[in-house]
Amino acid sequence: MTDVGRHPRIELLTLSEVVDVQGYIGNFRIKVLRKARYVDEKECTACSDCLEVCPVTKPNEFDLGLSTRKAIYQPFPQAVPSAFVLNLEDCLGNNPIACGKCAEACDLKCIDYDMQDKEVEFRVGTVIVATGMDVYDPTELDEFGYTRFENVITSLEFERLINSGGPTEGHLIRPTDWQLPKRVAFIQCIGSRSEKRGNPYCSNICCMNTVKDSLLIKDHWPEVEIKVFYMDIRAFGKGFEDLYKRSKAAGVMYIRGIPGDIREDPEAKNLILLSEDRNEGKVVEHEVDMVILSVGLVPNSDSPIIRQLLTLSQTSDGFFMEAHPKLLPVDAPTKGVFFAGCAEAPKDIKDSVTQASAAASRANILMSAGKITIEAITSHIDEELCKACGICARVCPYHAIEFDKEKKLPARVIEASCHGCGACAAECTFGAITMRHFTDQQIISQIESALGENPQDKVVVFACNWCSYAGGDFAGISRLQYPPSVRIIRTMCSGRVDEKFVLHAFKLGAPIVLVSGCHFADCHYISANRWTQKRVEKLWDKLEKKGVRPERLQLEWISAAEGLKFAKVMKEMEELRKGVTMEEIEYTQKEL
Amino acid sequence: MAEEADFKCLRCGHRFKAPYSPKDEPQERACPQCGSNSVRRIKEKAKGK
Ligand code: SF4
Ligand code: SF4
Ligand SMILES: [Zn+2]
């Protein structure tokens, strides 16, 4: 961090908030609100003279409330810049002039109560999102007694307790009597791996953090008895198994089974844990002096704001979604944006550093080249045909279409941002948008050739490139059988499937049309398939109005791994096809 | 109580109720009987049909 602060080509903006992001890869414009520090960060030498005279005492956030700070303070010992900051909300009467002691005490006259927040704008080529995570708050898990029993603390609070720069200068104490606890219990998976309460995912770091903490205790106080209650220990990283074995060899007891309940001895303040030892197959009572809840990681509470500013998407666990889980694990779906650390998923320091280095390199490659190559499947707007309705700009998941509501000028595609999903082309009712390599004409020709002969025997399937088409591929390589009546038409995204393609297929005599794409959480174009669903819903209404059974238009989300589902759905389509009569087909052709 | 709506599966014909509010973001829906995603919301005026 100090290196970053000193680097001549890195500008570090602390106490700042990104308030707006405009533009696209190579041309981002970022607006940042620089909050007033009320202390001149260049002049302040962190001498602490102000701190000594400040009469206000507040809980120290960095020590999780285990120590106190003043209204003017340094957030934590290694803070960069090392200058102090004045929290105006804590300052006496919210009016520093009424007190003014700190300004009087400062010889260098760095304190300025009139400092104002400032908005600054930057132009940058790439963005790395490293916004981190929060930790799970176990208060809702009442059975563990966190906040009810003082000697139940979280693993993060323990980190502060055992840190030499922490509130006890690294002395392990238990909160009620400030004595060294003789018996300590760690409980794993608090807020993780639970479908009911907390989160269903594994938080990745907690097992090894406990193994490390147990060794720290054993190194300093070998006499302390340590019990770790766990579901399974996940020690999969390099050297981790070794560390786990060392901890066991040092005498740490690993007990398989999470306590169902914790009670407190009201006198001694000891804690009684009731747990089933799954290895032994019996229920055992354990009395300990202190319990450490190994809390999981949760997405940063500000993630939704960042997600909106940078047009990102999130996985079902709330962490940011990468462009591709295997091939582009560092890239965001928005070009020129990369991830580092827990913003993308829970990970430890080593993995965070690895991802951060990769993100820096990915950004560097783009910036040293100075130009990018884009795939030739982007959207193009014909200015003559565009009626400036703005629908395309509204549906584009990447904000790749510029449209000025006031000026009513034709919309314009920023090709560097366009990913080629085709949602805009499917929504434009004026036919002003051409998708390169997936033009209306190309798709219509495919429909026509699919239904050229005996259309009543065919099922037209629109499949998106990434998921359902890949699912079909998977069914193929798995040698799964599905009916030969199926005719597949590939689009990059199901969002490309225009209403007119579906109607054209029916007009040519298709008994059944299936629109298929990725599951919502997997959409390769952030949210383009939400428009697919909306369009299909509208089409159901339209077909019904015309007296056509809406059942003849089907919708299915199939992932690349769901070869079995693909084959099953194709069989279902064939069954539906058999139920469509010639009269129905002829009526539809006449009506549409 | 959360708002609900009537849905019909266009694959197997199953009808069911599920949470729904016009203000919600679009959601992936599946028929509880056959698992199909061809799930259509039955709008108020069409309910009698
Ligand atoms: S949807 Fe079509 S007509 Fe409307 S602004 Fe976009 S390109 Fe122009
Ligand atoms: S093709 Fe997709 S990404 Fe490109 S401009 Fe249209 S909606 Fe946006
Ligand atoms: Zn069904």
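The shown structure was predicted, so the numbers you read here are calculated from the model rather than taken from an experiment.

Caption draft 1: Here's a closer look at the overall build of chain A. Helix and strand counts for chain A come out as 17 helices and 27 strands. When its C-alpha atoms are laid out on the principal axes, chain A stretches across 85 × 65 × 40 Å. A total of 592 residues make up chain A; the buried ones form 47% of that total. Pairs at least 24 residues apart make up 68% of the contacts formed inside chain A by residues separated by at least 6 positions. Mean positive and mean negative side-chain charge positions of chain A (72 and 85 charges, respectively) differ by 5 Å.

Caption draft 2: Molecular detail of the sheet that holds strand 2 (residues 15-19) of chain B. Residue and element names in this part refer to chain B. Strand order across the open sheet formed by three strands is 2-1-3, with antiparallel pairing between neighbours. Each of the sheet's edge strands pairs with one partner strand only, and the pair in question is strand 2 and strand 3 (39-42). Averaged over all adjacent pairs, the angle separating strand axes in this sheet is 45°, with direction ignored.

Caption draft 3: Molecular detail of the pattern of salt bridges. Residue and element names in this part refer to chain A. Evaluation of the coordinates by the stated rule reveals 41 salt bridges over all chains. Taking the shortest distance from any N to any O, the salt bridge between Asp90 and Arg69 comes out at 2.7 Å. Placement of Asp90 in the loop between strand 6 (85-86) and helix 3 (96-99) and of Arg69 in strand 4 (residues 68-69) is noted, with a sequence separation of 21 residues between them. A relative accessible area of 14% means that Asp90 is categorised as buried.

Caption draft 4: The arrangement of the pairing of strand 12 (residues 225-230) of chain A in detail. Residue and element names in this part refer to chain A. Counting buried residues in strand 12 gives five out of six residues, a clear majority hidden from the surface. As judged from the five bridges shared by strand 11 (residues 183-190) and strand 12, these two strands associate in the parallel manner. Along strand 12, the bridge assignment pairs Ala185 with Lys227. In this view, the connection linking strand 11 to its parallel neighbour strand 12 by way of helix 6 (residues 206-220) has right-handed handedness. Here four bridges tie strand 12 to strand 13 (residues 253-256), and the two strands are oriented parallel to one another. Of the residues in strand 13, the one forming a bridge with Val228 is Tyr254. Regarding the hand of the β-α-β motif, the stretch spanning strand 12, helix 7 (residues 240-249) and strand 13 is right-handed.

Caption draft 5: Summary view of the domain arrangement of chain A. Here chain A is partitioned into domain 1 (134-298), domain 2 (374-433) and domain 3 (438-591). Spacing between the C-alpha centres of domain 1 of chain A and domain 2 of chain A amounts to 55 Å.

Caption draft 6: Inspection of the site of ligand 1 at higher detail. Every residue close to ligand 1 is listed here: Ile381, Cys386, Lys387, Ala388, Cys389, Gly390, Cys392, Ala411, Cys428, Phe430, Ala432 and Ile433 of chain A. Of the residues in the shell around ligand 1, the class split is 10 nonpolar, one polar and one charged.

Caption draft 7: Here's a closer look at the interface of chain A and chain B. With 21 residues of chain A at the interface, the matching set in chain B holds 14 residues. Across the chain A/chain B interface, buried area totals approximately 1,500 Å², and carbon plus sulfur atoms make up 41% of it. The largest share of the area that chain A buries against chain B comes from Phe520, Trp540 and Glu551 of chain A, three residues that together contribute 29% of it. Scanning the region where chain A abuts chain B turns up 16 residue pairs in polar contact (both at pLDDT 80 or more). Broken down by secondary-structure element, the contributors of at least two residues to the side of chain A that touches chain B are helix 15 (528-545), strand 27 (553-557) and helix 16 (563-578) of chain A. Broken down by class, the residue content of the side of chain A that touches chain B amounts to nine nonpolar, three polar and nine charged.

Caption draft 8: Here's a closer look at the coordination of the zinc ion (ligand 3). Residue and element names in this part refer to chain B. Protein coordination at the zinc ion (ligand 3) comes from Cys9 (SG), Cys12 (SG), Cys31 (SG) and Cys34 (SG), with a distance range of 2.2 to 2.3 Å. In primary sequence terms, the donor set of the zinc ion (ligand 3) follows C-x2-C-x18-C-x2-C. Judged by its relative accessible area of 3%, Cys31 is buried.

Caption draft 9: Quick look at the nonpolar core. Ranked by size, the top nonpolar core spans 54 residues in total, and within it Phe462, Val502, Val513 and Leu553 of chain A carry the most contacts. When residues of this core are assigned to domains, at least three map to each of domain 2 (374-433) and domain 3 (438-591) of chain A. With residues near it in sequence (within four places) discarded, Leu553 of chain A still touches Val502, Phe506, Val513, Val515, Val536, Leu539, Trp540 and Leu543 of chain A together with Leu10 of chain B. One finds Ile217, Val228, Phe240 and Tyr254 of chain A within the second-largest nonpolar core, a separate group that totals 25 residues.

Caption draft 10: Up close: the environment of Tyr587 of chain A. Relative to the helices and strands, Tyr587 of chain A is located in helix 17 (residues 582-591). Other than its neighbours up to four places away in sequence, Tyr587 of chain A contacts Lys546, Gly547 and Val548 of chain A.

Caption draft 11: The arrangement of the sheet that holds strand 1 (residues 16-24) of chain A in detail. Residue and element names in this part refer to chain A. Within the open sheet, the three strands sit side by side as 1-2-7. Their pairing is antiparallel. Both edges of this open sheet fall to strand 1 and strand 7 (118-124), since each of them pairs with a single strand only. The average undirected angle you get between the axes of adjacent strands in this sheet is 20°. Summarising the sheet, strand 2 (residues 27-34) and strand 7 pair through seven bridges and their orientation is antiparallel. Bridge pairing in strand 7 links Arg29 to Arg123.

Caption draft 12: Broad picture of the environment of Gly5 of chain A. All names here are of chain A. In this structure, Gly5 sits in helix 1 (residues 2-6). The class for Gly5 is partly exposed, based on a relative accessible area of 40%. Leaving out residues up to four positions away in the same chain, Gly5 has contacts with Leu12 and Val80.

Caption draft 13: Representation of the pairing of strand 25 (residues 486-491) of chain A. Residues and elements named next belong to chain A. Taken together, the six bridges between strand 24 (residues 459-464) and strand 25 define a ladder with parallel strand orientation. Within strand 25, the position partnered with Phe462 by the bridge is Ile489. As for the winding sense of the linkage, the β-α-β connection from strand 24 through helix 13 (residues 468-477) to strand 25 is right-handed.

Caption draft 14: Summary view of unusual backbone geometry. All names here are of chain A. The omega torsion of the bond from Val80 to Pro81 falls at -5°, within 30 degrees of zero and hence cis. Despite not being glycine, Ala46 has its phi angle at roughly 55°, a positive value. The residue Ala46 is located in the loop between strand 2 and helix 2 (49-53) in this model. Even without being a glycine, Lys269 presents a positive backbone phi close to 65°. Looking at where Lys269 falls in the secondary structure, it is placed in the loop between strand 14 (261-264) and strand 15 (271-277).

Parameters at a glance
- Residues numbered from 1 in each chain as written.
- Chains lettered and ligands numbered in written order.
- Predicted model: local features only at pLDDT ≥ 70, side-chain atom pairs only at ≥ 80, totals over all residues.
- Heavy atoms only, no water.
- Helix = DSSP H or I, 4+ residues; strand = E, 2+ residues; numbered from the N terminus.
- Buried < 20%, exposed > 50% of the residue type's maximum accessible area, 1.4 Å probe, protein only.
- Contact = heavy atoms within 4.5 Å.
- Lys, Arg positive; Asp, Glu negative; His and termini not counted.
- Charge placed at Lys NZ, Arg CZ, Asp CG, Glu CD.
- Pairing = 2+ DSSP bridges.
- Axes fitted to C-alpha atoms, helices over the stretch in contact; angles between N-to-C directions.
- Salt bridge = Lys/Arg side-chain N within 4 Å of Asp/Glu carboxyl O.
- Right-handed = clockwise from strand over helix to strand, strands pointing away.
- Domains from an automatic or database assignment.
- Near = heavy atom within 4 Å.
- Nonpolar A, V, L, I, M, F, W, Y, C, P; charged D, E, K, R; others polar.
- Buried area = accessible area lost by both parts, 1.4 Å probe.
- Polar contact = N/O pair within 3.5 Å; in protein donor to acceptor, adjacent residues only side chain to side chain.
- Donors = N, O, S within 2.8 Å, 3.2 Å for Na, K, Ca; no water.
- Core = buried A, V, L, I, M, F, W, Y, C linked by side-chain atoms within 4.5 Å.

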